[in-house]
Amino acid sequence: MSIDEPPVRVSDRGAATRGALLTAARDVFAEAGFAQAAVTDIVAKAGASVGSLYHHFNGKADLYLTLFEEFQNRQQERTREAIHSVRDAGESDPMRLFIAGATAYIDGCLAEREVSRLFISGDGPPGFDRVMQKRLRRWARLNAALFHSADGGVDEPLVIVLTGAMAAAVTEISLSDDADASRRLAGDIMAIIETIRNPRTERA
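Given the structure is predicted, the values throughout are model-derived calculations rather than measurements.

Novice: Requested: an account of the overall build of the protein, with residues and values cited.
Specialist: Broken down by element type, the protein carries 10 helices and 0 strands. Going from the N terminus to the C terminus, the protein shows its helices and strands as α-α-α-α-α-α-α-α-α-α. When each of the 204 residues of the protein is scored for burial, the buried share is 36%. Carbon and sulfur atoms make up 54% of the accessible area of the protein, which totals about 11,800 Å².

Structure follows, in structure tokens:
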């Protein structure tokens, strides 16, 4: 480093190492699967040391769970921005708001198909199925906030149908090997979901 270059702060270097480890873990998990992935392969791909990995993470499972949480945070932000955008444009229909958020979520799965596939494949650390179930329940609660019945409660049957349909759609899109077919499937799924109405509300 020349005297004209600013010194690299330890925090910056640590953040760069952490990011490199996560990127390497994502690639190794995508190629080998979680169970077969080796810590030595991850640190070699990241250009880091085993010691640095354990400085930032508790191990292979922690890397996987961090990748999952960061992906879900990005997805939540995509969904939030999409809903706020159509709401700010004057849209108030709950189904239209849901469609906007759901479309953004699926677009995120398509944009990060390798990452999305990691968490749908079933090859994760022990207990990850419970993490997924917890996240799905949280997703359902967020959806429920958009739909309210005439008495002020939650339109629970509709929320269950929509959340289940979206979960199935995400699985199919994430596991597909054909990106173009996935995009067509996503469009067809959203068109069908858009036609769903609650018969109790229609009768009311």
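The rest of the description comes next.
Novice: Go over a positive patch on the surface, please, and point to the residues and values.
Specialist: A cluster of basic residues, K134, R137, R138 and R141, forms a positive patch at the surface. In this fold, R137 is placed in helix 7 (residues 128-144).

Novice: Could you give me a rundown of helix 4 (residues 60-88), with the residues and numbers involved?
Specialist: End to end, helix 4 covers 42 Å across 29 residues, agreeing with the expected 42 Å (1.5 Å per residue, within 8%). Residues of helix 4 that are buried include every one of K60, L63, Y64, T66, L67, F68, F71, Q72, Q75, T79, A82 and I83, and no others. Positive backbone phi, at 110°, marks G90, one or two positions downstream of helix 4.

Novice: A description of the environment of I193 should follow, citing residues and the corresponding values.
Specialist: Among the structural elements, I193 can be located in helix 9 (residues 179-193). Excluding residues that lie within four positions of it along the chain, I193 makes contacts with M95, F98, I99, L162, A165 and M166.

Novice: Any details on the environment of L53? Residues and values, ideally.
Specialist: Mapped onto the elements of the fold, L53 is located in helix 3 (residues 50-56). We classify L53 as buried; its relative accessible area is 0%. Between the alpha carbons of L53 and V39 there is a distance of 8.5 Å; along the sequence they are 14 residues apart.

Novice: Please provide a residue-by-residue account of helix 6 (residues 113-120), values included.
Specialist: All of the buried residues along helix 6 are R113, V115, S116, L118 and F119. Following helix 6 by one or two positions, G122 has its phi on the positive side, about 90°.

Novice: If you had to explain the packing of aromatic side chains to someone new, which residues and values would you point to?
Specialist: Counted according to the given criterion, the structure contains 10 aromatic pairs. With a centroid separation of 5.3 Å and an interplanar angle of 85°, the aromatic rings of Y64 and F119 are classed as edge-to-face. Linking Y64 in helix 4 with F119 in helix 6, this pair joins segments that are 55 residues apart in sequence. Like Y64, the residue F119 is buried in the burial classification. Three or more aromatic residues joined by ring pairs make a cluster, and in this case those are F29, F34, Y64, F68, F71, F119 and F128.

Novice: Explain the nonpolar core to me, and be specific about the residues and the numbers.
Specialist: Core analysis: the biggest nonpolar cluster contains 48 residues, and F29, I42, L63, F98, F119 and M166 have the highest contact counts within it. Listed by contribution, the elements that provide at least two residues to this core are helix 1 (10-32), helix 2 (39-46), helix 4, helix 5 (94-111), helix 6, helix 7, helix 8 (156-175) and helix 9. Per-element tally for this core: the top contributor is helix 5, with 9 residues.

Novice: Give a detailed account of the pattern of salt bridges, specifying residues and quantitative values.
Specialist: According to the stated counting rule, one finds 8 salt bridges in the structure shown. In this structure, D27 and R26 form a salt bridge, with 3.1 Å as the shortest nitrogen-oxygen distance. Given a relative accessible area of 23%, D27 falls into the partly exposed group.

Novice: Account for the confidence of the model for the protein, naming residues and giving values.
Specialist: Taken as a whole, the protein shows an average pLDDT of 85; of its residues, 89% reach a score of 70 or greater. Ranking the elements of the protein by mean pLDDT puts helix 10 (residues 199-203) last, at 52, and helix 2 first, at 96.

Novice: Give me the lowdown on the UniProt feature "DNA-binding region" (unreviewed entry) in the protein, citing residues and values where you can.
Specialist: Per the UniProt entry, the sites bearing "DNA-binding region" (unreviewed entry) are residues 38-57 in this numbering. Helix and strand shares over residues 38-57 are 75% and 0% respectively, and the end C-alpha atoms of the span are 14 Å apart.

Novice: Pulling in residues and values, what's your account of the packing of helix 5 against helix 9?
Specialist: Packing of helix 5 against helix 9 brings their axes to within 11 Å, and their N-to-C directions diverge by 165°. The orientation of helix 5 relative to helix 9 falls into the category roughly antiparallel. By crossing handedness, the relation of helix 5 to helix 9 is classed as right-handed. For the pair helix 5 and helix 9, contact is made by M95, F98, I99, A102, T103, I106 and L110 and by S182, R183, A186, M190 and I193, respectively.

What counts and how
Residues numbered from 1 in each chain as written. Predicted model: local features only at pLDDT ≥ 70, side-chain atom pairs only at ≥ 80, totals over all residues. Heavy atoms only, no water. Helix = DSSP H or I, 4+ residues; strand = E, 2+ residues; numbered from the N terminus. Buried < 20%, exposed > 50% of the residue type's maximum accessible area, 1.4 Å probe, protein only. Areas by Shrake-Rupley, 256 points an atom, 1.4 Å probe, with all protein chains shown as cover. Patch = residues over 30% accessible without salt bridge, like charges linked within 9 Å, V, L, I, M, F, W, Y side chains within 5 Å. Salt bridge = Lys/Arg side-chain N within 4 Å of Asp/Glu carboxyl O. Lys, Arg positive; Asp, Glu negative; His and termini not counted. Charge placed at Lys NZ, Arg CZ, Asp CG, Glu CD. Expected span 1.5 Å × (residues − 1). Contact = heavy atoms within 4.5 Å. Phe/Tyr/Trp six-rings, centres within 6.5 Å; stacked < 30°, edge-to-face > 60°. Core = buried A, V, L, I, M, F, W, Y, C linked by side-chain atoms within 4.5 Å. pLDDT = per-residue confidence, 0-100. UniProt positions renumbered as here; feature names shortened; annotations may be inferred. Axes fitted to C-alpha atoms, helices over the stretch in contact; angles between N-to-C directions. Parallel < 35°, antiparallel > 145°, perpendicular 65-115°, else oblique. Left-handed = near helix turned anticlockwise from the far one by under 90°.

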